[in-house]
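Chains, contacts and geometry: an overview
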Amino acid sequence: MSAAWWQWGVVYQVYPRSFQDTNGDGIGDLAGIEQHLDYLADLGVDALWISPMYPSPMADFGYDVADYCEVDPRFGTLADFDRLLSAAHARGLKIILDYVPNHTSNRHPWFLESRSARTSPKRDWYLWRDAAPGGGPPNNWISDFGGPAWTWDEATGQYYAHAFLKEQPDLNWRNPEVQRAMFDVLRFWFARGVDGFRIDVLWHIFKAADFRDNPPNPDYRPGRGEMHRVLQTCSTDQPEVHGVIAEMRRIADRFGARVLIGEVCLPLERSMRYYGTDGEGIHLPFNFRLVDATPAQWTAAGLADLVGAYEAALPEGAWPNWVLGSHDAPRIAARRGDAQARVAAMLLLTLRGTPTLYQGDELAIGAVHVPAASVQDPRELREPGLGLGRDPSRTPMAWNAEGHAGFSSALPWLPLHDDWPTRNVARMWADRESTLSLYRRLLALRRAYPALSRGEWSLLPVQGDVLGYVRGHGAQRLVVALNLGATPQSFTLPAWAASARVLLSTVPGDPSPPSSTTLHLRPDEGLILAPSLEA
Ligand code: GLC
Ligand code: CA
């Protein structure tokens, strides 16, 4: 099977505000990304997904876009972007941009025009409705950040819809002019040479045409965020989204080997529909199952079920993908601890499907405390204290032990993790046992063994705390055995893997060599094994 780059390759998410500042304003920029391309190439990733760097009032840190075809001056210029793109390509690295189709900034010229009068030619580009008959918002939809999904506009006497902040008005994707304008955005960047897009909140872009109420959520418990009071069955995931996706796919395909990765947070069966049929969907609906896994699911049996169910649900010909964290979720090391974060790294990079790494997870940055006075995230500011805030996973990268960890000459926009003097790239690169070195070795193994990057996957029976599976490509077969627990475990290998040799362990020091078919795993140890006859 000849696989595409976005299948065998590894994606690395860059959150540009927090990657590298080059002009001393405490905020990362495009020149900062360019400065670290060698780091990323040496680490062994294949593509960068860069979170939004477009002009933005930053109400939602770039996910409120005021111009889709420019670069925010805080991040640089279009010329800086072009330089970054060609420098990345020169190193064999692809660039994936963030495409934010559901909403613009309320300062986007389109919205300013739409808001100017009910008769504005762009009025219908957004979702304007009269107040409910008795007054108040047109329906019961709730913003994902809490509060009504509607804001009253005094000047024109109507409400407008916003799935997120009131500074992020939702576009009306039923309007053909909106579609045309937004498809042009894809063409603009593809023509510049961009290799793909991560599509923001793709399942949100169509709402029920009649704007009926969402049903109440019978399982609602306070404390998880007000958005969960209702089920978003009418405000998201409408069938019309698939027609628009098919057009996005046609546009991407016309430019050659490009990729579309969609943010889709839906139950398994519904998210699978975003693959489309006959190659007309997106290439990869982001698979958040490992991010959403509860502690009870983070066991050998739980993960066997989780991975097995996902693999089984994939439509014919669909390619899987996996991710452990992002700028929206608590970090993997904060969720699972240092030792299991290493097991998780091995899991992520040995499952079948495209892995996406999130910047800083290769350093296993843990729970960062952001003092109340430093909170930036609007999600936290609107519903404080519920643990929904995203600042703790957006803190700056730590490059070395100097100044502000080499991130900036100025005070960074968010605090660094406490242990940055030791938990930084320079220090961990030199330490063979660090989590960073583990990531490098895992990425190197993926290059050396096509079984890992593009092979088949099959589960072995769970034994105690050990999740085991086989990756195979042609004659090449590898076994992965992951101890999800904190006690020593033994694991019986299939007969064909007797006396396999250990290629890599997540635990420093020598692993015990398998005796015939019995494997002894140390606490929190993950192993990759090659049968003794394999090269
Ligand atoms: C996505 C982004 C998130 C943003 C939201 C609204 O979920 O990842 O950061 O706040 O969309 O654009
Ligand atoms: Ca800067």
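**Overview of the coordination of the calcium ion (ligand 2)**
- Coordination sphere of the calcium ion (ligand 2), protein contribution only: Asp-21 (OD), Asn-23 (OD1), Asp-25 (OD), Ile-27 (O) and Asp-29 (OD), at 2.3 to 2.4 Å.
- Expressed as a motif, the donor residue spacing for the calcium ion (ligand 2) is D-x1-N-x1-D-x1-I-x1-D. For the pair Asp-21 and Ile-27, one class covers both residues: buried.

**A closer look at the packing of helix H11 (residues 332-350) against helix H14 (residues 435-448)**
- Direction vectors running N to C along H11 and H14 enclose 20 degrees, while the axes themselves pass 10 Å from each other. It follows from the interaxial angle that H11 and H14 lie roughly parallel. Seen from above, H11 lies across H14 with right-handed handedness. Contacts between H11 and H14 involve Arg-342, Ala-345, Met-346 and Leu-349 from the former and Thr-435, Leu-438, Tyr-439, Leu-442, Leu-443 and Arg-446 from the latter.
- Taken together, the residues that form the contact of H11 with H14 break down as 7 nonpolar, 1 polar and 2 charged.

**Notes on the sheet that holds strand E5 (residues 150-153)**
- The strand order E4-E6-E5 describes an open sheet built from 3 strands, whose pairing is antiparallel. Unpaired on one side and paired on the other, strand E4 (128-129) and E5 mark the two borders of the sheet.
- Relative to strand E6 (residues 158-161), E5 runs antiparallel, the two being bridged by 4 bridges. Looking at the pairing, Trp-152 lines up with Tyr-159 of E6.

**Focus on the site of ligand 1**
- As a structural note, the neighbourhood of ligand 1 is formed by 14 residues, with Asp-60, Asp-200, Glu-263, Asp-328 and Arg-390 the closest of them.
- Within the side chain of His-103, a nitrogen or oxygen atom sits 2.9 Å from an oxygen atom of ligand 1.
- In the environment of ligand 1, an oxygen atom lies 2.4 Å from a nitrogen or oxygen atom belonging to the side chain of Asp-328.
- Summarising the interface, the protein chains cover 96% of the accessible area of ligand 1, which totals 310 Å² for the free molecule.
- Each residue belonging to the shell around ligand 1 can be placed in one class, and the counts come to 4 nonpolar, 3 polar and 7 charged.

**Remarks on the domain arrangement of the chain**
- For the chain, the assigned domains are domain 1 (5-103 + 176-206 + 239-442), domain 2 (109-161) and domain 3 (456-534).
- Counting each side, the surface lost to burial between domain 1 and domain 3 is near 1800 Å², with a carbon and sulfur contribution of 73%.
- The interface formed by domain 1 and domain 3 contains 0 salt bridges.
- Where domain 1 touches domain 3, the interface holds 7 residue pairs in polar contact (both at pLDDT 80 or more).

**What about the nonpolar core?**
- If you look at the biggest cluster of nonpolar residues, it comprises 147 residues, and the most contacted ones within it are Tyr-12 and Phe-197.
- Those residues within four positions of Phe-197 in sequence are excluded, and the remaining contacts are Tyr-54, Ile-96, Leu-97, Asp-98, Tyr-99, Leu-186, Trp-189, Phe-190, Val-259, Leu-260 and Ile-261.
- Val-470, Ala-500, Leu-519 and Leu-521 belong to the second largest nonpolar core, which has 13 residues in total.

**Things to note about the sheet that holds strand E11 (residues 354-358)**
- Here we have 8 strands laid out as an open sheet, ordered E9-E8-E7-E3-E2-E1-E11-E10, and parallel in their pairing. For this open sheet the edge positions go to strand E9 (284-285) and strand E10 (321-323), each flanked by a neighbour on one side alone.
- Across 3 bridges, E10 lies against E11 in parallel orientation. Across the sheet, residue Trp-322 finds its bridge partner in E11, namely Pro-355.

**Notes on the packing of aromatic side chains**
- One pass over the structure, following the stated rule, counts 27 aromatic pairs.
- A centroid spacing of 5.0 Å and a plane angle of 65 degrees characterise the contact between Trp-152 and Tyr-159, whose relative ring orientation is edge-to-face.
- The exposure class of Trp-152 is partly exposed, given its relative accessible area of 36%.
- Pairwise contacts between aromatic rings join Tyr-12, Phe-19, Tyr-39, Trp-399 and Trp-429 into one cluster.
- The ring of Trp-125 has Lys-122 sitting right over it, with the charged end atom 4.7 Å from the ring centre.
- Positioned above the aromatic ring of Trp-496, the side-chain terminus of Arg-477 is 3.8 Å from the ring centre.

**Observations regarding helix H5 (residues 109-116)**
- For H5, the complete set of buried residues consists of Trp-110, Phe-111 and Ser-114. On an axial view of H5, the arc spanned by its buried residues comes to 90 degrees, and they lie on one face.
- Where the residues of H5 are buried, they touch E4, E6 and helix H6 (176-192).

**Describing the pattern of salt bridges**
- What the rule picks out here adds up to 31 salt bridges.
- The salt bridge involving Asp-38 is made with Arg-91; its shortest N-O contact spans 2.6 Å. Residue Asp-38 is found in helix H3 (residues 37-43), and its partner Arg-91 is found in the loop between helix H4 (78-90) and strand E3 (94-99); the two are separated by 53 residues along the sequence.
- Judged by its relative accessible area of 36%, Arg-91 is partly exposed.
- In this structure, a network of salt bridges that share partners links the residues Asp-60, Asp-328, Asp-377, Arg-390 and Arg-394.

**Structural notes on the packing of H6 against helix H7 (residues 241-254)**
- Relative to each other, H6 and H7 sit at 25 degrees, their axes nearing to 10 Å. Between H6 and H7, the interaxial angle falls into the category roughly parallel. H7 is crossed by H6, and the crossing has right-handed handedness. Contacts between H6 and H7 involve Gln-179, Phe-183, Leu-186, Arg-187 and Phe-190 on the former and, on the latter, Val-244, Glu-247, Met-248, Ile-251 and Ala-252.
- Of the residues belonging to the contact of H6 with H7, the class tally is 7 nonpolar, 1 polar and 2 charged.

Definitions and cut-offs
Residues numbered from 1 in each chain as written. Chains lettered and ligands numbered in written order. Predicted model: local features only at pLDDT ≥ 70, side-chain atom pairs only at ≥ 80, totals over all residues. Heavy atoms only, no water. Donors = N, O, S within 2.8 Å, 3.2 Å for Na, K, Ca; no water. Buried < 20%, exposed > 50% of the residue type's maximum accessible area, 1.4 Å probe, protein only. Axes fitted to C-alpha atoms, helices over the stretch in contact; angles between N-to-C directions. Helix = DSSP H or I, 4+ residues; strand = E, 2+ residues; numbered from the N terminus. Parallel < 35°, antiparallel > 145°, perpendicular 65-115°, else oblique. Left-handed = near helix turned anticlockwise from the far one by under 90°. Contact = heavy atoms within 4.5 Å. Nonpolar A, V, L, I, M, F, W, Y, C, P; charged D, E, K, R; others polar. Pairing = 2+ DSSP bridges. Near = heavy atom within 4 Å. Polar contact = N/O pair within 3.5 Å; in protein donor to acceptor, adjacent residues only side chain to side chain. Areas by Shrake-Rupley, 256 points an atom, 1.4 Å probe, with all protein chains shown as cover. Domains from an automatic or database assignment. Buried area = accessible area lost by both parts, 1.4 Å probe. Salt bridge = Lys/Arg side-chain N within 4 Å of Asp/Glu carboxyl O. Core = buried A, V, L, I, M, F, W, Y, C linked by side-chain atoms within 4.5 Å. Phe/Tyr/Trp six-rings, centres within 6.5 Å; stacked < 30°, edge-to-face > 60°. Lys NZ or Arg CZ within 6 Å of the ring centre and 35° of its normal. Arc of directions from axis to C-beta.

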